Structure formats: structure tokens, C-alpha cells
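Structure at a glance
Letter by letter, the chains look like this.
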Amino acid sequence: MKMYLISDNIDTLTGMRLAGVEGVVVHEMQEVKEALDKVLADKEIGIVLLTEKFGRDFPDLINRVRLEHNFPLFVEIPDRHGTGRKPDFITAYVNEAIGLKL
């Protein structure tokens, strides 16, 4: 089982290649669609890492792929600029999930 990275910048791809993860750098929606099609066709890829920018820029596409395919696992990761999430996102997530105020 392999991992594959779909990134919006070369620095993240370079870092992941040092860890043995291959991938591609894309920017436009059509490029993202083509990369996703390639990933879905390769049955050896079990985990697809996507930089968070794609979840923000193309949420309909990313969510549709996640809902329509049980395999591979799609995981959003921060890029070299850090996470796009709010600093208290874990606390907010727990509050929303169980209704507990921390």
C-alpha cells in the first residue's frame, strides 16, 4: 500500500519525497481532477494526502470524491505555511461533538 501527495507547492512535495512519498504539484481545478483520476485508477495507493488549500478552494470536488469512494483514504494536511484552521479548532470540534465546554 502506497501513499500519494497532491500538493499546491513544491516545498511540501519535496519534503514528502524525502519521506518516500511520491506526488504531484497542481494548481488549477482541471489539474486536481486529473490527479484524482490517476490516484483512483491506481489500486496500490491506499492513502492520498491533499494540502488543505484544495479543501478550501475546491470543497465540492474534494467532498464528492470522498463520498463516492471508500478507498483510498483522503487526508488533508497543512502545507509549509501551516494550517488554515483556527487556533482553537480542536476545542471547537470537541464542543460541537459532545457539547462539552472546555
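Further up the page is the structure itself.
This write-up is about the structure you can find in this document. Keep in mind that what you see is a predicted model, and the values were worked out from it rather than measured.

**Concerning the pattern of salt bridges**
- In the structure shown here, the tally under the stated rule is six salt bridges.
- Close ionic contact of Lys2 with Asp42 constitutes a salt bridge, the shortest N to O distance being 3.7 Å. Of this pair, Lys2 sits in strand β1 (residues 2-7) while Asp42 is found in the loop between α2 (29-41) and β3 (45-51), placing the two residues 40 residues apart along the sequence.
- Assessed through its relative accessible area of 40%, Lys2 is described here as partly exposed.
- For Lys2, the salt bridge is made with Glu44, and the minimal N-O distance between the two is 3.9 Å. Taken together, the residues span a long stretch of sequence, with Lys2 in strand β1 and Glu44 in the loop between α2 and β3 at a distance of 42 residues.
- Residues joined in a network through salt bridges with shared partners are Lys2, Asp42 and Glu44.

**Things to note about the pairing of β1**
- The pairing of β1 with β3 spans five bridges and is parallel. Considered in β3, the bridge of Met3 is made with Ile47.
- Where the polypeptide runs from β1 across helix α1 (residues 10-18) and back to strand β2 (residues 22-25), its parallel neighbour, the crossover connection is right-handed.

**Some points on α2**
- With 13 residues, α2 ought to run about 18 Å at 1.5 Å a step, and its terminal C-alpha atoms sit 18 Å apart, in line with that.
- Within the sequence span of α2, burial applies to Val32, Ala35, Leu36, Val39 and Leu40. Buried residues of α2, seen end-on, are gathered within an arc of 135° and therefore sit on one face of the element. In α2, the exposed positions that point more than 90 degrees away from the buried face belong to Asp37, Lys38 and Ala41.
- For α2, the secondary structure elements touched by its buried residues are β1, β2, β3, α3 (52-57), α4 (59-68) and β4 (73-77).

Conventions and cut-offs
Numbering of residues starts from 1 in every chain and runs along the sequence as written. In view of the model being predicted, local features appear only for residues whose pLDDT reaches at least 70, and side-chain atom pairs are presented and counted only at 80 or more, with totals across whole chains, interfaces and linings using the full set of residues. To obtain the side-chain values, all non-hydrogen atoms of the structure were used and water was disregarded. Any carboxyl oxygen of Asp or Glu that lies within 4 Å of a side-chain nitrogen of Lys or Arg is treated as forming a salt bridge with it. Runs of E in the DSSP output that reach at least two residues are strands. Runs of H or I that reach at least four are helices, and both are numbered from the N terminus. The rule is simple: take the accessible area with a 1.4 Å probe, protein chains only, and divide by the maximum for that residue type; under 20% is buried, over 50% is exposed, in between is partly exposed. Strands were regarded as paired on the criterion that DSSP finds at least two bridges between them. For a crossover, the right-handed case is the one in which the path from the first strand over the helix to the second runs clockwise, viewed with the strands pointing away from the viewer. By definition here, a helix of n residues has an expected span of 1.5 Å times n minus one. Summarising the geometry, the arc corresponds to the directions from the helix axis toward the C-beta atoms. We call two residues in contact when some of their heavy atoms are within 4.5 Å.

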